[in-house]
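# Report on the structure
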Amino acid sequence: MKGRQVKLREAHKSGSPALCSAVWAPGGQHVVTASAADTAVLIHDAAALLAGGRGSGVAPLSTMRLHKEGVTALAVAPGPGGSLASGSIDHSVKFYTFPEGEFQSNVARFTLPIRSLSFNKKGTLLAAAGDDDGIKLIATIDNTIAKVLKGHKGSVTGLAFDPRNDYLASVDSFGTVVYWDLCIGGEARTLTRVAPTFRSDNSVRNVLCWSPDGHTLAVPGLRNNVVLYDRDTGEEVSTLKGDHEQPVCSLCWSPNGRYLATAGLDMQVLIWDVKSRQDIERQKFDEKICSLAWKPDGNSLLLIDVRGRFGIWESVIPSTMKSPTEGIPDLNSTRAPLFDDDDDDDYGKPRTSCGLEDDIDESLCDSTPFSHKRLKRKSTFDGDSEDEDLIHQLELSKRMKDKHKDKKEDAGKARGDSASSGRLVTAKMQAAFQPGSTPPQPGMRNFLAYNMLGSITTVENEGHSHVEVDFHDTGRGPRVPSMTDYFGFTMAALNESGSVFANPCKGDKSMSTLMYRPFGSWAGNSEWSMRFEGEEVKAVALGAGWVAAVTSLNFLRIFTEGGLQIHILSVSGPVVTTAGHGDQLAIVSHASDCLPSGDQVLDVKVFNISERAQSLSGRLLLTPSSQLSWFGFSDNGQLSSYDSKGILRVFSSQFGGSWLPVFSSVKARKSEDESHWVVGLDANNIFCIVCKYPQSYPEVMPKPVLTLLELSFPIASSDLGANSLENEFMMRKLHLSQIQNKMDEMAALGLDTTAYDDEAFNMEAGLDRCILRLISSCCSGDKLIRATELAKLLTLEKSMKGALTLVTRLKLPMLQEKFSSILEERMLNDKKIAGAVGICSNATITRNMPVLTPHTTLPSKFGQNGKKIDSSLPILNPGNQESSLIEPKKPDGEQARGIIGSDLKGSPAFTSLAKVRKNSETKRDRNGASNATIGDKNKGGMDQIVAEKMSTEHCNQTEPQRPFNPFAKSSSGKEPLAELDLKHRRDSSYKQPLNINI
């Protein structure tokens, strides 16, 4: 009855909390107990326990002390006359008769302690696992290991056979659950980190339990709850959340599956009505209850605590409710797994299952004699023909394994497709998450936010939480005071100005709260909060002067830093996440249900808050079968996303708006167990935290170490063997495109773009240097067409001349001719453009422009085709110089410098270079520019400036000026001529020399 305290009696003495086990015998007449602090296994009479009261005077029926160390696992085979199995820290599994308790044999030896044991429905198969690598499936008929299932990275602490004998479920110490398909003897699906981790507490363990009908798997959840997963798809079906204040550490079903009993670290045992998802009974104990077992045919619950005291809770379900033994499911298995336990009458009949036996020809089965080794011991299932049935199947599987390998793989593939199809139908849309947050862990700190600026951490303590804000740069300013959180905040965002927090609704009477805390303000009380009735906050973001929250009603609510509500918009679907950067707010939401393939369908919108405009709306692209793991902006405002398959993408305006993959975790990791938890990125690098499997996210303590990795396109393996160069080429193109787009945007707004001119020029120069190295690789690999394509991408004229010099030195006349034609065509096009638009205006001629004499020209030059090319160039007026620096003729290949015009490409100031002669190669100074003649060098090293001929009537400003060298340092050590036009520098020369390694 409710309120009646369960009396516990001592079975095993323990000086400190230890893992204890208790199980019912199949008929409910006996119970078995064991403790990790005791080497004994005890068999008790259940009726004597109930009649003996609380005292410890009732002696056990049998005591087995065969283990050398504590016993950590128990299992009793179903059916009358079954066996008892025990596993120990001493690495052994032992069999006993039951209920006599006589030792039969050592089943298997492990190299590490045993943590869990489980029999299948008929008792013909025992699963044993622990700290060893793999789960051993042991045929109880002869104690042979039939199969080893490998896939867990941590210690396996819980095992449970599906009552229909299709699956074996297992859970490890890291909270990962695996469905093993017994039909194919392999992994069917994995649920990563869905159960709690108990760290160093060895008195409790992760467990799981199938419902009696086999439709549902119950697993302790991460939020002090129990999550029910579907048998075939592994999808979450339901959640039982009540008054457990700490994680659940043990659970079991009633015989009819109507009720579920759970025990938590809070020393409570709750009884749940699964259909209504309400707890209907509870008991509070002095110690943690570490094992529960429901009587197979009654209304009683067996339990044992960490001190080795056990008892029986009678009349668990009140008489006013449906009995736990009413409507016990009658299972009729329709599948025949690899280790089948069907009755003898079914053997040899046509099957509809997917087992290996289906692939074997019946005539072969009838004619093939079976010869298997003698049994090591007499079976305890003498009256049942299932043993021989199992032996036949095991022998048949082993003998026909190679012959029917292809058929088995085809069957497995078909089944996998079928399972996938089942998953796809019920695939769930991704839940909302906060970028840079980690899942909560009981009793441990977790991150509410972690970005390039700092982090926000929280830890639960006695009904409330303790929140701290830390910056990576400790010298940034005074430390932000910690906060006591009474709301239970589960999401947060952080920027330079402040932090925002939010919590979901915890019940019908609880309201979701949004709170903003600025880091500094001239006002005394600048913190504010908002409450939401009938809706809850799903995601939050911060920007320049605004706070945003997206709610369960698909409302986007925007507030000022002072708490003024300024905008309320509707978003297109359930939100997945949000991110803010300056004036930009990006929101990811579901566009529809999952596709038939199980892929998420996500939309992304970017709003400009200050301008009340929407700058982007489109589909967010993910790798197939992945989910969004991180979302945000780079340091320079580039929208970025990272999915669970390890692909980082940035949004680019190229091709009308595209997502470019710029990083692959699979290619960057050093080992298969590495993963990357993204923090942020800049133009060239990604900042992340390297995690080792099974950890997929960092812990607060010890403090995570940021790792810097270069962004890299997933380049295909090139036949040149120059993957790094090709990646650099693509990255530089992307950066140049971003800079140019930024300049275009600023120009469209009428803003000055001078600040970006140097950056754009340096990027063009760097891109050209990369192209030149690629051309050199193409020449070495005899990829002449590719080299020609690269030459057409060169931006600066000096780069083109460098490429021409390269192929000349490599003695490639065909490429030399091609490059010469490209350069000549470019120069002619520039001259035509200059003639069309003009090159001189009041706006482009500066006061530093030297006076030009339109009547004096240099001699003409001849191209490769023998045609005369007009290369008349104006020369400086010698009357305006202290000494004449004009030569009658410039050497071939030397570029003219010093021209200041509005359009570099439109200026025909450069003579066409038809061919570079070996005997006319010019010398280069340290700045990469051509030296003047020896005479010029003796006169002080000043380069002569040659400009294009122009009429004085087209130039309004003809103030005579002293000629200058734009690349020479002035006597004061400052950069000469700050007004020098950037366009001129692009076509004239780099400041850095061209280094070409041949």
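Residues numbered from 1 in each chain as written. Predicted model: local features only at pLDDT ≥ 70, side-chain atom pairs only at ≥ 80, totals over all residues. Heavy atoms only, no water.

An unreviewed UniProt entry lists the protein under the name Minichromosome loss protein Mcl1 middle region domain-containing protein, with Urochloa decumbens given as the organism. Comment text from UniProt for the protein, heading Subcellular location (unreviewed entry), reads "Nucleus". (UniProt positions renumbered as here; feature names shortened; annotations may be inferred.)

Within the secondary structure, S658 is located in strand β48 (residues 658-664). Within the structure, S658 has its side chain in polar contact with the backbone oxygen of Q654 (distance 2.9 Å). Setting aside its immediate chain neighbours within four residues, S658 contacts V650, F651 and S652. (Helix = DSSP H or I, 4+ residues; strand = E, 2+ residues; numbered from the N terminus. Polar contact = N/O pair within 3.5 Å; in protein donor to acceptor, adjacent residues only side chain to side chain. Contact = heavy atoms within 4.5 Å.)

Counting 31 residues, the largest nonpolar core has I771, I775, L794, M800 and F819 as its most contacted members. Those elements that provide at least two residues to this core are α6 (723-748), α7 (754-780), α8 (784-791), α9 (797-809) and α10 (813-837). In this structure I771 touches F729, L790, L793 and L794, once residues within four positions along its chain are discounted. Judged by nonpolar contacts, the second largest core, of 21 residues, contains C20, L49, V204 and C290. (Core = buried A, V, L, I, M, F, W, Y, C linked by side-chain atoms within 4.5 Å. Buried < 20%, exposed > 50% of the residue type's maximum accessible area, 1.4 Å probe, protein only.)

Before going further, it helps to spend a moment on the layout of surface pockets. Size it by volume and the second largest pocket reaches roughly 1500 Å³. Surrounding the second largest pocket, 47 residues form its lining, V76, S118, F119, C209 and W294 being those nearest its centre. For the lining of the second largest pocket, the elements supplying multiple residues, two or more each, are β2 (20-24), β6 (71-76), β10 (114-119), β14 (156-161), β18 (209-210), β22 (248-253) and β26 (289-294). Residues belonging to the lining of the second largest pocket are distributed by class as follows: 33 nonpolar, 11 polar and three charged. (1 Å grid on protein atoms, 1.4 Å probe; cavity = no way out; pocket = protein on both sides within 12 Å on 5 of 7 lines; lining within 4 Å. Points joined across faces, edges and corners; volume = space filled by probe spheres on them. Nonpolar A, V, L, I, M, F, W, Y, C, P; charged D, E, K, R; others polar.)

Attention now goes to the packing of α7 against α9. Relative to each other, α7 and α9 sit at 20 degrees, their axes nearing to 10 Å. Here α7 is positioned roughly parallel relative to α9, judged by the angle of their axes. In the packing of α7 onto α9, the handedness of the crossing is right-handed. Residue-level inspection shows D768, L772, I775, S776 and C779 of α7 in contact with α9, the latter providing S799, G802, A803, L806 and V807. (Axes fitted to C-alpha atoms, helices over the stretch in contact; angles between N-to-C directions. Parallel < 35°, antiparallel > 145°, perpendicular 65-115°, else oblique. Left-handed = near helix turned anticlockwise from the far one by under 90°.)

Turning our eyes to something else, we now look at the packing of aromatic side chains. Taken as a whole and judged by the stated rule, the model has 12 aromatic pairs. Ring plane angle 40 degrees and centroid distance 5.5 Å describe the contact between W528 and F559, whose orientation is recorded as tilted. Residue W528 is located in strand β36 (residues 528-532), and its partner F559 is located in strand β39 (residues 555-560); the two are separated by 31 residues in the primary sequence. You can call W528 buried: its relative accessible area is 9%. Within the aromatic cluster, the residues linked to one another by ring pairs are Y167, Y179 and W210. When the ring centre of F110 is taken as reference, the NZ or CZ atom of K136 above it lies at 4.2 Å. (Phe/Tyr/Trp six-rings, centres within 6.5 Å; stacked < 30°, edge-to-face > 60°. Lys NZ or Arg CZ within 6 Å of the ring centre and 35° of its normal.)

Moving on, we get to the environment of K538. With respect to the helices, strands and loops of the structure, K538 is situated in strand β37 (residues 537-542). With a relative accessible area of 31%, K538 lands in the partly exposed category. With near-sequence residues (within four places) excluded, K538 lies in contact with A432, M491, V550, T551, S552 and V575. A distance of 2.9 Å separates the side chain of K538 from the side chain of E536, its partner in a polar contact.

Moving on, we get to the sheet that holds β26. Taken in spatial order, the four strands of this open sheet run β1-β28-β27-β26, and their pairing is antiparallel. Unpaired on one side and paired on the other, β1 (9-10) and β26 mark the two borders of the sheet. Note: strand β27 (residues 300-305) against strand β28 (residues 309-314), five bridges, orientation antiparallel. Residue pairing for β28: I304 is matched across the bridge by F310. (Pairing = 2+ DSSP bridges.)

Moving on: the sheet that holds strand β50 (residues 685-692). An order of β49-β50-β51 is seen for the three strands of this open sheet, with the pairing classed as antiparallel. Each edge of the open sheet carries a strand with a single partner, namely β49 (674-681) and β51 (707-710). Put simply, the sheet's adjacent strands are angled 45 degrees from each other on average, direction ignored. Pairing analysis gives seven bridges linking β49 to β50, with the strands arranged antiparallel. Paired with H676 across the strands is V690, a residue of β50.

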